[in-house]
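Chain and residue survey
The lines below spell out each chain.
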Amino acid sequence: MTTDRLMALDLLVSVLTAAAWVSAGVAAAARRTRTTAALFAVALVASLARVWSVLALAGAGWWFVQEKVTVALPLLFAAAAVATALAGPRVLRAARRPGPPSGAVPHGVRTPAVVVPLLGAGYAAAAGLVQTFLVGYPADPGTALLLLAVVAGAVLVTWRASGASVPGLRTATAATAVAAVLGVTLTFVPATEGTAAAAEGAASAGAGAAGAAGSETPSAHGGHPASADHSVSGPSSEGHSVSGASASVAGGPVRPVTALRGPAVPPPGGAVRRFTLTARTATVTLSSGRKVAAWTFDGRVPGPPITAVQGDLVEVRLRNADIASGVTLHWHGYDVPSGEDGVPGLTQEAVPPGGEFVYRFVAAQAGTYWYHTHEVSDLGVRMGLYGTLVVTPKGAAATGVDLTLPVHTFAGTTVTGDHDQPLVRQVAPGTPVRLRLINTDNTPHRFTLAGTPYRLVAVDGTDLTGPGTLGRAGLRLAAGGRYDLAFTMPAGPAVLRTDDRSDAVRLTPGPSGTGEGAAGTSTDSGGTGDGTGGGSTATAPTGDWPELDLTRYGTPAPTPYTLRSRFDRDFTLVLDRGLALAGGKPAYAHTVNGLAFPDIPTEVVREGDLVRLTVVNRGRDTHPWHLHGHRVLVLSRDGRSPTGSPLWLDTFDVRPGEVWEVAFRATNPGLWMNHCHNLSHADLGMMLHLAYEGVTTPFHGAHGG
Ligand code: C2O
Ligand code: CU
C-alpha cells in the first residue's frame, strides 16, 4: 500500500477509535447496556487496529509516525487501560445480567465509574487526532503536556457533570493547570528562544570561514558595485537568521549579497542581450477576445519572451510603472549570481512604482526557463507577472518549429501563451518540432501529445539521456517545472492537450512558415480520429493514458554524486500543515518541521559542500519543492533511485506520503530561497532560506516574496 493510502487508513482508524470510545460512554450514560458492551468491544478492537496502522505507516519513515508513537498511542493506551480496569468488569456484569429485551436496565452501566472512563478514553483518542492535525511533526514535550492537560481537564469536567464527587478534585485540577501552564511555556517560549538561537547561529555563520575552495562560477566574478537603486537599509534587528553581519570576521571573508552580481561584459564570443520590461496593470485581450484584468510586463501576458544564446550576457532593465506592491524579477531555474536572483528583502528591495533595477547574468545554461516577480508572488504571478526565458545552445542551427508554451490559469481559464483557444499552426511534414511546456501555475498540469510519437528530451532545462519514444503517455508537469518535447512533424495532425480537456496546440500538416491559423478553425476533437502515427490519433481521448514515471524514463548515465556519496550537510524538511506563526501571525500554516516562515531555521552551507536534502510530505497537499540558484540531482523517491536518465530538477513535486532525497554541490554562494512553488503555500509559511557562510544581506531579510 502506498504511504498516502496508509495515512488515510490510519486516519480512518483513529476517527473510528475516538468515535467508538465516545459512543460507548454515551451509550452507558443512556443506560444502553448491550450497546455499551458492544461499543466497548469495538473501541478495544479499533484501538488495537491503530497499533497496526501506525506500525504499517512507520515503514515509510519515522517522520510519518513520530507524534503517534511518542504521544497519541501512549495517551490512548493509558486511557484505554484505565477504562478497561474501571468500566470493564461493571459493563460485563451488567451485560450478563438478564434484563428487558431492549437491553436497557435500570442501573448498572449508568454510573460515573463506567461513563467517565469510557468518555475519557474517547477524549484521549480524539486528542491524538487533534495533535496530528494541529501540531504534526515533530511532537515535542510542550504540546504533549498541553494535550494531556486538555484531556485531563475534559475528564474532570465530565466527572463533575456526572454528579459524582471527585476524590482529590483540588489536587487534580491543580495538576492539570500546572501541566497546561508548563505545556504552554514549553510550546511557545522556546519558539522565541529558537529564533534568537537562529540569529546567533547566523551571526556565527557570518563569522565562519566562508568556503574552503572557491570554485569558480560566473557569480564569483561580477562584482560591479551595487546599482544606485539599492536602497540599503540597516542590518536587521528583527532577529532574522540572515541578518547583516559586520565587516570582516576572523576565519573568512564576509560578503554582502549585493556584491554577488553578474558581470558587466559578456565572456569572449558572447553578445549582450538587452531588454527592458515595464511592469504595469493592463487589460489583456486573450485570443478569443475575452478581456482579463492583469498585472503585466509591457502590457502583455505572458511578458516579452527573453531569449539568448549560451554565452551571451543578458541584461534586463526592470521598471515598475504602477504595481503598488512592488515587483522583482526572479529567474526560475536559472543559476544566476545571488544578487541577481530577485528576492525582495533578501537580495534586493522590491522595485516600487517609479523605480527600476538592472539584472545582469551570463546565459551559461541552455534550455527552457521562466521569469516571474517574487514580490507578493502568489498574487503577482497569478495576475500575470511572468514570462519565458529560453537559451539555445551555442552553434545550434535553428531549424524547424520551436514553440515556447507557458501554461497559466486566469480566473479559471487555462491559457497557453495568450491563447485561451487552441493555438493552430501549419507545419510541413518532416519538420523537426520542439514544444517547450512551462507550468506557471500553483498546481500540476497533465499534458498529452496525440497524433505522433515523440520524446521528452529535457526536464527543467536539462537534457535527459537516452529518452525513448513515447506514445500514449500522460505527462504530469509540476508547478514551476518545464518539459521539452521533440518530434518530427507527421503527415497528419498532432495535438497537445492540457489536463485531458482542452486542445492547447494543434499542428496541422501543410506548408511550413505560414503563420498561426485562426483559432478554432479546425475540427473539434472527440470524433473518430483521422490522424496517424504514435499508436494514437490526434483526436483520441487521452484521459486514460498512463502517467509517465520520469524516474524510469531514459537511460542511466554517470552522475557526480550518488546515494552512497559522503555528504557534508544533510537537511530534512518535513512538510505538513499545523498551527504556527506565519509571518508573525498565527495561522493554520503550511509548515516545515512544524514551523512557518520566517521561523524555520536557515540551512547554512559552506561553498563546495555536497548537500543532501530529504523532503518528506506528511500532508494531504502536493508540494512542488523549489530551491533557488541550484539544480538538484534526484537520489531517490520513496527509497528507490531513478533507473532511467539522471534527473536534474529545480522543481520536484513531492506528493502526499512521498519522500525525496536530492543532492547538490554548493557552488553558487549567496542567500537563496528554498520553498514550495505552490505560491499560496509559500505565502502561508512554506519557505525558508539557504545561506552560504559569510554572505550577508543589508536588507531586512524577513521577507521572501
Ligand atoms: Cu519560481 Cu522562488 O520561485
Ligand atoms: Cu506546497
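Residues numbered from 1 in each chain as written. Chains lettered and ligands numbered in written order. Predicted model: local features only at pLDDT ≥ 70, side-chain atom pairs only at ≥ 80, totals over all residues. Heavy atoms only, no water.

Taking 1.5 Å per residue, 26 residues should reach 38 Å; helix α2 (residues 33-58) reaches 37 Å between its end C-alpha atoms and fits that length. Summarising the contacts, the buried residues of α2 are in contact with α1 (3-29), α3 (66-96) and α4 (112-134). (Helix = DSSP H or I, 4+ residues; strand = E, 2+ residues; numbered from the N terminus. Expected span 1.5 Å × (residues − 1). Contact = heavy atoms within 4.5 Å.)

Our focus in this paragraph is the coordination of the copper ion (ligand 2). His623 (ND1), Cys676 (SG) and His681 (ND1) make up the full set of protein donors to the copper ion (ligand 2), lying at 2.0 Å. Look at where the donors of the copper ion (ligand 2) fall in the sequence and you get H-x52-C-x4-H. Here cysteine 676 lies in strand β31 (residues 671-676) and histidine 623 lies in strand β26 (residues 623-627), a separation of 53 residues in the sequence. With respect to class, histidine 623 is no different from cysteine 676; both count as buried. (Donors = N, O, S within 2.8 Å, 3.2 Å for Na, K, Ca; no water. Buried < 20%, exposed > 50% of the residue type's maximum accessible area, 1.4 Å probe, protein only.)

The next subject is the packing of α2 against α3. It is the contact of α2 with α3, at a shortest axis distance of 10 Å, that shows an interaxial angle of 155°. The angle between α2 and α3 places the two elements in the roughly antiparallel class. In this structure, the crossing between α2 and α3 has a hand that is left-handed. When its residues are assigned to classes, the contact of α2 with α3 shows 17 nonpolar, five polar and three charged. (Axes fitted to C-alpha atoms, helices over the stretch in contact; angles between N-to-C directions. Parallel < 35°, antiparallel > 145°, perpendicular 65-115°, else oblique. Left-handed = near helix turned anticlockwise from the far one by under 90°. Nonpolar A, V, L, I, M, F, W, Y, C, P; charged D, E, K, R; others polar.)

Taken in spatial order, the four strands of this open sheet run β3-β2-β5-β7, and their pairing is mixed. At either margin of the open sheet sits one strand with a lone partner, and together these are β3 (291-297) and β7 (356-362). With direction set aside, neighbouring strand axes in the sheet form an average angle of 25°. The pairing of strand β5 (residues 313-320) with β7 spans seven bridges and is classified as antiparallel. If you follow glutamate 315 over to β7, its bridge partner there is arginine 360. (Pairing = 2+ DSSP bridges.)

It is worth spelling out the packing of aromatic side chains at this point. Taken as a whole and assessed by the stated rule, the structure comprises 12 aromatic pairs. Here tryptophan 370 and tyrosine 386 contribute two aromatic rings whose centre-to-centre distance is 6.5 Å and whose plane-to-plane angle is 75°, an arrangement assigned as edge-to-face. On the criterion of sequence distance, the pair formed by tryptophan 370 in strand β8 (residues 367-372) and tyrosine 386 in strand β9 (residues 386-392) is long-range, its members being 16 residues apart. An identical accessibility class is assigned to tryptophan 370 and tyrosine 386; each is buried. When the centroid spacing of 5.4 Å and the interplanar angle of 35° are considered together, the rings of phenylalanine 652 and tryptophan 660 count as tilted. Looking at phenylalanine 652, the relative accessible area reads 2%, which means it is buried. By relative accessible area, which is 6% here, tryptophan 660 ends up buried. An aromatic cluster is built from Phe297, Trp331, Tyr334, Phe357, Tyr359, Phe361, Tyr369 and Tyr371, whose rings are joined through pairwise contacts. The ring centre of tryptophan 648 lies 4.5 Å from the NZ or CZ of arginine 631, which sits over that ring. (Phe/Tyr/Trp six-rings, centres within 6.5 Å; stacked < 30°, edge-to-face > 60°. Lys NZ or Arg CZ within 6 Å of the ring centre and 35° of its normal.)

A few words on unusual backbone geometry. Going from tyrosine 137 to proline 138, the amide bond is cis rather than trans, its omega being -5°. Within the secondary structure layout, proline 138 lies in the loop between α4 and α5 (141-161). In this chain, valine 301 is followed by proline 302 through a cis amide linkage whose omega measures -5°. Within the secondary structure, proline 302 sits in the loop between β3 and β4 (306-309). One non-glycine residue, aspartate 500, lies in the positive phi region at around 60°. By secondary structure assignment, the location of aspartate 500 is in the loop between β19 (494-498) and β20 (502-509). In this structure, aspartate 638 takes a positive phi of about 50° despite not being glycine. Along the chain, aspartate 638 falls in the loop between β27 (632-637) and β28 (648-649).

On to the environment of alanine 538. Looking at where alanine 538 falls in the secondary structure, it is placed in the loop between β21 (516-517) and β22 (569-582). Sequence spacing of alanine 538 and proline 493 is 45 residues, and the spatial spacing of their C-alpha atoms is 6.0 Å.

All right, on to the packing of α4 against α5 then. When two helices pack together, their arrangement is captured by the angle between the axes and the distance separating the axes. Direction vectors running N to C along α4 and α5 enclose 150°, while the axes themselves pass 9 Å from each other. When the interaxial angle is binned, α4 and α5 end up roughly antiparallel. Note that α4 runs across α5; the crossing there is right-handed. Here α4 contributes Val116, Leu119, Gly120, Tyr123, Ala124, Ala127 and Gln131 to the contact with α5, which in turn contributes Leu147, Val151, Ala154, Val155, Thr158 and Trp159. Grouping the constituent residues of the contact of α4 with α5 by class yields 10 nonpolar, three polar and no charged.

With that settled, the discussion passes to the pattern of salt bridges. Counted according to the given criterion, the structure contains 32 salt bridges. Close ionic contact of aspartate 402 with arginine 436 constitutes a salt bridge, the shortest N to O distance being 2.8 Å. Placement of the pair is aspartate 402 in strand β10 (residues 401-410) and arginine 436 in strand β13 (residues 432-439), with a sequence separation of 34 residues. Since its relative accessible area comes to 40%, aspartate 402 is described here as partly exposed. Given the relative accessible area of 4%, arginine 436 is considered buried. (Salt bridge = Lys/Arg side-chain N within 4 Å of Asp/Glu carboxyl O.)

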